[in-house]
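Overview (structure and organization)
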Number of protein chains: 2
Amino acid sequence: MSRFISKRIQEMSVYVPGEQPQGGNFIKLNTNENPYPPSPMVTAALREMPADKPKLYPDPSCMALKRAIAEFYKLDAKEVFVGNGSDEVLSSAFRAFFDEGDKVYFADITYGFYKVYSSLYGLQATEIPLATDFHIELSDYMGLDGHMLIANPNAPTGLYHTRQEMEAVIQANPDRLVIIDEAYIDFGGESCIPLIRKYDNLLVVQTFSKSRALAGMRLGFGIGSPALVEALEKVKFSMNPYNINQMTMAAGIASMQDRGYFEETTRKIVATRERFSAELQARGFTVLPSRTNFVFAKSQTLSGRELYEYLKDRKILVRHFDVPRISEYLRISIGTDQEMDALLAALPQE
Amino acid sequence: MSRFISKRIQEMSVYVPGEQPQGGNFIKLNTNENPYPPSPMVTAALREMPADKPKLYPDPSCMALKRAIAEFYKLDAKEVFVGNGSDEVLSSAFRAFFDEGDKVYFADITYGFYKVYSSLYGLQATEIPLATDFHIELSDYMGLDGHMLIANPNAPTGLYHTRQEMEAVIQANPDRLVIIDEAYIDFGGESCIPLIRKYDNLLVVQTFSKSRALAGMRLGFGIGSPALVEALEKVKFSMNPYNINQMTMAAGIASMQDRGYFEETTRKIVATRERFSAELQARGFTVLPSRTNFVFAKSQTLSGRELYEYLKDRKILVRHFDVPRISEYLRISIGTDQEMDALLAALPQE
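The rules we used
Residues numbered from 1 in each chain as written. Chains lettered and ligands numbered in written order. Predicted model: local features only at pLDDT ≥ 70, side-chain atom pairs only at ≥ 80, totals over all residues. Heavy atoms only, no water. Helix = DSSP H or I, 4+ residues; strand = E, 2+ residues; numbered from the N terminus. Rg over C-alpha atoms; globule rule 2.2 N^0.38 Å. Buried < 20%, exposed > 50% of the residue type's maximum accessible area, 1.4 Å probe, protein only. Areas by Shrake-Rupley, 256 points an atom, 1.4 Å probe, with all protein chains shown as cover. Lys, Arg positive; Asp, Glu negative; His and termini not counted. Charge placed at Lys NZ, Arg CZ, Asp CG, Glu CD. Contact = heavy atoms within 4.5 Å. Buried area = accessible area lost by both parts, 1.4 Å probe. Salt bridge = Lys/Arg side-chain N within 4 Å of Asp/Glu carboxyl O. Polar contact = N/O pair within 3.5 Å; in protein donor to acceptor, adjacent residues only side chain to side chain. Nonpolar A, V, L, I, M, F, W, Y, C, P; charged D, E, K, R; others polar. Axes fitted to C-alpha atoms, helices over the stretch in contact; angles between N-to-C directions. Parallel < 35°, antiparallel > 145°, perpendicular 65-115°, else oblique. Least-squares fit on C-alpha atoms with pLDDT ≥ 70 in both. Core = buried A, V, L, I, M, F, W, Y, C linked by side-chain atoms within 4.5 Å.

A closer look at the overall build of chain A
Secondary structure summary: chain A contains eleven helices and twelve strands in total. Taken against the 2.2 N^0.38 rule, which gives 20 Å for 350 residues, the C-alpha radius of gyration of chain A at 20 Å falls within 12% of a compact globule. Counting over 350 residues, chain A shows a buried share of 63%. A total of about 12,600 Å² of accessible surface is found on chain A, and carbon and sulfur atoms cover 49% of it. For chain A, the centre of its 38 positive side-chain charges and the centre of its 44 negative side-chain charges are spaced 4 Å apart.

Printed below as a string of structure tokens:
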């Protein structure tokens with residue numbers, strides 16, 4: 001490593017993303033991508049982009065995109081922040097709202113980046129253990145002495161809390177920022193977005209990567225009071241004002257405008273998930289009830305590592321986390337019915 | 001502003017990008033965009049993107065893109081870092097190599113983001129005044145007690161130092177990182193890229209936004225020793241591993257593969273610049289000798305502000321910086337010959 005590396009970066013342990021095999025004909029059920037292509041309106045918007053448009057800087061205010069998102073959720077554009085993936089939205093929120101040494105809380109088993117950002121920004125992070133059945137114990141989050149991040153539904157468990165349950169946490173921490181990461185909310189959950197006008201301490205983060213099939217375009221958004229969004233914009237204009245490119249902007253707008261396709265594909269994924277979960281249970285698996293586009297499941301006979309390897313040998317990629325408490329489980333993304341049938345057919349007899 | 005805003009961000013003054021009018025039929029000569037469309041190979045790559053590719057995460061290692069850049073410059077992919085615009089590369093370099101309180105040096109008149117990043121990352125920044133003729137006085141940069149950023153050619157002046165002159169600075173600061181920002185190098189300058197194997201304290205930053213007509217796609221790169229690149233990668237995997245989307249990746253690869261188009265369009269822009277500079281001088285303007293795709297020029301009769309307004313009224317946008325020393329100047333991007341003729345025709349008689 002370079003002799004010029006900063007102390008902070010030298011000490012960091014980084015997030016390890018799921019494998020992205022470039023070729024090899026895998027059935028790819030390891031990074032929670034959408035099995036269906038994006039809306040045909042997105043494809044048309046990308047293909048019809050005038051050849052000389054990419055030479056021009058994008059609108060740094062991203063106004064047309066913010067308006068499209070605002071229209072979908074019946075919001076004002078001032079309540080919308082957009083980022084280069086929801087990772088950038090989360091990172092910007094850490095930068096915007098937390099000072100070095102601040103306390104933050106999140107679950108011990110959740111999206112790995114909360115811990116990485118805490119370390120990057122020098123925060124005092126406390127991990128709150130999940131209950132033994134892997135639920136987030138919301139009573140642990142009442143009246144905390146620091147800000148908090150809650151993934152709802154949580155990953156990689158897939159477990160979900162209702163909007164009413166989440167609202168109780170927001171209410172119980174009026175002087176703390178509550179960031180709710182709703183990356184998977186569209187697969188059967190109720191979003192907390194409608195609460196943002198009631199609570200100025202709520203930031204909801206979502207992504208185009210899952211329910212909108214645009215993981216490859218990198219687009220996420222944060223929804224909150226105009227004051228929260230203003231602070232996020234200040235971070236953006238201090239770091240990378242032109243963070244969203246012309247093609248991603250066009251794709252995002254078209255995606256938001258095609259509500260029908262969005263609803264149809266998420267419904268299909270939910271139906272496949274329910275059928276697949278039942279089939280796994282019939283084969284003796286423990287399957288957590290999922291409100292996401294993945295299931296978190298454990299075999300009766302093989303360890304998590306063994307089953308991961310077994311499936312990989314058969315050209316099926318799923319995600320295994322080699323960490324305490326969950327190392328016996330696999331996170332399996334919901335693909336098409338055919339892909340899930342291929343996985344079921346490949347499983348060893350239990 | 002939100003009561004949750006962090007102290008650091010509250011205190012920040014942010015970078016103000018040039019105007020990006022969305023419509024209005026301006027001749028847009030204010031943000032140094034390329035007047036020609038990107039290579040036809042880029043357009044083809046974008047249009048031929050399979051409809052279901054955007055649903056998949058991009059390769060976080062960006063290997064194919066790094067290889068294309070490495071091939072163009074006869075480098076190894078390990079010597080290449082790519083970012084969401086060169087702003088992200090610069091910001092990542094600040095994060096990777098500078099600790100809070102570290103000293104950094106740059107010119108008083110240069111790219112505005114160096115100052116913004118210094119403030120964002122809590123550095124002790126010293127601005128070194130340009131000489132009275134606006135040259136960077138390189139003798140001021142010998143044996144400094146901190147890291148340094150030098151834009152070569154510099155913006156908004158357009159003035160340039162040879163590779164040999166830059167090498168002397170790198171040699172004189174063996175234990176300091178020297179970041180050379182070559183956003184405009186392709187318009188007649190000699191890049192310092194060939195020096196990176198000789199000096200492990202050199203990071204060269206370039207962009208696809210100017211000479212490659214891809215400002216709208218957001219792509220920049222840093223070239224340095226594998227150890228420097230490794231540190232930058234560590235920042236990326238701590239912040240936003242999937243920073244480059246599928247379309248930008250494809251556009252960048254195609255752009256690097258079409259050397260002929262790149263050379264032809266940069267040659268045309270340089271020819272237009274030389275003709276336009278001569279015409280301005282014939283009209284009594286002071287014009288700094290430019291090695292970029294813009295000229296920095298001063299009218300004999302109108303103030304910078306007045307001429308900016310005068311041209312804007314005539315639907316021609318140029319950039320005026322309302323800051324000491326240069327407020328009498330305008331930065332005028334080089335467009336097509338027709339666009340520059342329209343500007344010349346619109347000028348008031350001097």
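Focus on the interface of chain B and chain A
The partner chain A presents 87 residues to the 87 residues of chain B that form the contact. For the chain B and chain A pair, buried surface summed over both sides reaches about 7,100 Å², with 56% attributable to carbon and sulfur atoms. The largest contributions to the chain B side of the interface with chain A come from B:F4, B:K55 and B:Y57, which together make up 11% of the buried area. Along the contact surface separating chain B from chain A lie six salt bridges. As a salt-bridge pair, B:D175 and A:R3 come within 2.8 Å of each other at their nearest N and O atoms. Across the chain B-chain A interface, the total number found is 45 residue pairs in polar contact (both at pLDDT 80 or more). Mapped onto the side of chain B that touches chain A, the elements with two or more residues apiece are α1 (7-11), α2 (40-47), α4 (86-97), α5 (113-120), α7 (226-239) and α8 (246-257) of chain B. The biggest single contributor to the side of chain B that touches chain A is α7(B), with nine residues. Residue classes in the side of chain B that touches chain A are distributed as 45 nonpolar, 21 polar and 21 charged.

Things to note about the packing of helix α7 (residues 226-239) of chain A against α5(B)
Put simply, α7(A) and α5(B) touch, their axes get as near as 9 Å, and they point 125 degrees apart. On the basis of the axis angle, α7(A) is oblique to α5(B). Here A:F237, A:S238 and A:M239 of α7(A) lie close against α5(B), whose contacting residues are B:F113, B:V116, B:Y117 and B:L120. Taken together, the residues of the contact of α7(A) with α5(B) break down into six nonpolar, one polar and no charged.

Quick word on the relation of the copies chain B and chain A
Each copy superposes on the other: chain B lies on chain A with an RMSD of 0.0 Å after a rotation of 180 degrees and an axial shift of 0.0 Å. With respect to symmetry, the two chain copies, as superposed, fit the operation of a two-fold axis. The position closest to the rotation axis in chain B is occupied by the C-alpha of B:R47, lying 2.5 Å away. Of the interface residues in chain B, 100% have counterparts in chain A that sit at the interface too, so the contact is made through matching surfaces.

A short note on the nonpolar core
Formed by 116 residues in total, the largest nonpolar core has its most connected members in A:I69 and B:I69. If we skip the residues at most four places from it in the chain, A:I69 touches A:V80, A:V82, A:F208, A:F221, A:I223 and A:M256. Counting 68 residues, the second-largest nonpolar core is a separate cluster that includes A:Y117, A:L123, B:F98 and B:F106.

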